[in-house]
Amino acid sequence: MLQALRNSTKIIFWIVAVAFIGFIVLVWGADLRFGGNRQGTIGKVNGQVIPYSLYQRQLAADLQRVRARSDRPTQFEDERRVSEQTWESIVNEILISQEARKDALPVSDGEVVFWVRSNPPRELMQNPAFIDSATGQFDIGRYQELLRRSPEQFRLYEAYTRAQIPATKLQQNVLSTAKVSNADVDAYVRDRFEAMRASFVWVDPS
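Residues numbered from 1 in each chain as written. Predicted model: local features only at pLDDT ≥ 70, side-chain atom pairs only at ≥ 80, totals over all residues. Heavy atoms only, no water.

Caption draft 1: Examining the nonpolar core more closely. Judged by nonpolar contacts, Val112, Val116, Leu124, Ala129, Phe130, Tyr143, Leu146, Leu147, Phe154, Tyr157, Tyr160 and Ile165 together constitute the single largest core of twelve residues. The set of elements that each furnish at least two residues to this core consists of helix H4 (109-118), helix H6 (140-149) and helix H7 (155-177). Formed by ten residues, the second largest nonpolar core is a distinct cluster that contains Val45, Ile50, Leu63 and Val82. (Core = buried A, V, L, I, M, F, W, Y, C linked by side-chain atoms within 4.5 Å. Buried < 20%, exposed > 50% of the residue type's maximum accessible area, 1.4 Å probe, protein only. Helix = DSSP H or I, 4+ residues; strand = E, 2+ residues; numbered from the N terminus.)

Caption draft 2: Examining the pattern of salt bridges more closely. Per the counting criterion, the structure on display carries eleven salt bridges. The shortest N-O distance in the salt bridge between Glu77 and Arg80 comes to 2.3 Å. Linking Glu77 with Arg80, this pair stays in helix H3 (residues 76-103), spanning three residues, or about one helical turn. Taking the relative accessible area as the measure of exposure, Glu77 reaches 40% and is therefore partly exposed. Taking relative accessible area as the criterion, Arg80 reaches 32% and is therefore assigned partly exposed. Between Arg80 and Glu84 there is a salt bridge, with the nearest N and O atoms lying 2.5 Å from each other. (Salt bridge = Lys/Arg side-chain N within 4 Å of Asp/Glu carboxyl O.)

Caption draft 3: Structural detail: the packing of H4 against H7. Look at H4 against H7: their axes get within 9 Å of each other, and the N-to-C directions meet at 105°. In terms of their interaxial angle, H4 and H7 are classed as roughly perpendicular. Of H7, the residues touching H4 (which contributes Asp109, Glu111, Val112, Trp115 and Val116) are Tyr157, Glu158, Thr161, Arg162, Ile165, Thr168 and Lys169. Residues of the contact of H4 with H7, tallied by class, amount to five nonpolar, two polar and five charged. (Axes fitted to C-alpha atoms, helices over the stretch in contact; angles between N-to-C directions. Parallel < 35°, antiparallel > 145°, perpendicular 65-115°, else oblique. Contact = heavy atoms within 4.5 Å. Nonpolar A, V, L, I, M, F, W, Y, C, P; charged D, E, K, R; others polar.)

Caption draft 4: H6, seen in detail. Taken as a whole, H6 has its buried residues at Arg142, Tyr143, Leu146 and Leu147. Looking straight down H6, one finds its buried side chains confined to an arc of 140°; they lie on one side. N-capping of H6 is provided by Asp139, with a side-chain oxygen placed 2.9 Å from the backbone N of Gly141. (Arc of directions from axis to C-beta. Polar contact = N/O pair within 3.5 Å; in protein donor to acceptor, adjacent residues only side chain to side chain.)

Caption draft 5: Examining unusual backbone geometry more closely. We note that Asn46 has phi near 50°; this positive angle belongs to a residue other than glycine. Among the secondary structure elements, Asn46 is positioned in the loop between strand S1 (41-45) and strand S2 (48-51). For Asn46, a relative accessible area of 64% gives the class exposed.

Caption draft 6: Representation of a nonpolar patch on the surface. Together, Val180, Val185, Tyr188, Val189 and Phe193 line one region of the surface with nonpolar side chains, adding up to about 520 Å² of accessible area. When you line up the elements, Val180 lands in the loop between H7 and helix H8 (182-193). On the basis of relative accessibility, which here comes to 64%, the residue Val180 falls in the exposed class. (Patch = residues over 30% accessible without salt bridge, like charges linked within 9 Å, V, L, I, M, F, W, Y side chains within 5 Å. Areas by Shrake-Rupley, 256 points an atom, 1.4 Å probe, with all protein chains shown as cover.)

Caption draft 7: Fine view of the environment of Ile94. Structurally, Ile94 can be placed in helix H3. Here Ile94 falls in the buried class, since its relative accessible area comes to 0%. Sequence separation between Ile94 and Lys44 is 50 residues; the distance between their C-alpha atoms is 9.8 Å.

Caption draft 8: Quick look at the pairing of S2. Both faces of S2 are covered, namely the face carrying Gln48 and Ile50 and the face carrying Val49 and Pro51. Across four bridges, the pairing between S1 and S2 is antiparallel. By the bridge assignment for S2, Gly43 is matched with Ile50. Where S1 folds back on S2, the antiparallel hairpin that results is connected by two residues, among which Asn46 adopts a positive phi of roughly 50°. (Pairing = 2+ DSSP bridges.)

Caption draft 9: Focus on the environment of Ile96. With respect to the helices, strands and loops of the structure, Ile96 is situated in helix H3. Taking the C-alpha atoms as reference points, Ile96 and Pro166, separated by 70 residues in sequence, lie 9.1 Å from one another. Setting aside residues no more than four positions away along its own chain, Ile96 makes contact with Ala167, Leu170 and Gln171.

Caption draft 10: Structural context of the packing of H4 against H6. It is the contact of H4 with H6, at a shortest axis distance of 9 Å, that shows an interaxial angle of 135°. In this view, H4 runs oblique relative to H6, as classed from their interaxial angle. Contacts between H4 and H6 involve Val116, Arg117 and Ser118 from the former and Ile140, Tyr143, Gln144 and Leu147 from the latter. Here the residues of the contact of H4 with H6 sort into four nonpolar, two polar and one charged.

Here is the structure:
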């Protein structure tokens, strides 16, 4: 059974590995200009280039997930919304990673091991080799068994995780310190949902 799992997941591991490497290169500050100019650049975040090809690949993956979850063909408005969400996601990832590098949050080997064991890549969670035929759900036991038997297949994921944990810590720190008062909530609701009726009388200035 384990051999079958290895065989069936070999391709997806390479796909995940290539995706992770590309993402790490982007997030950790590589200069990905095309041909030495800005021809392939869709934008910059604090001087860090966002290649148009990266946006296209991420958008295609996001659209594919939306279409897989929907029981109807996607409309123009759906695709416009997904394209905005994809762009915001890429920008947010870069901003968080830049701040995480400034803070230089420490990462222990134990944290990496725990994360790799308990947070499998999304692509693997959708792999039929790890889906329980009885429940139709992802079987984390199979994933952890393969991780224990063949840890070398997860080296790239481990490297990605070690680079990603500081950004996750930063997000958790920000959320834990953020406080919203009742006055803030009242103002938010009032600004967005409160309405009133008014009448007026026009008077000729002459």
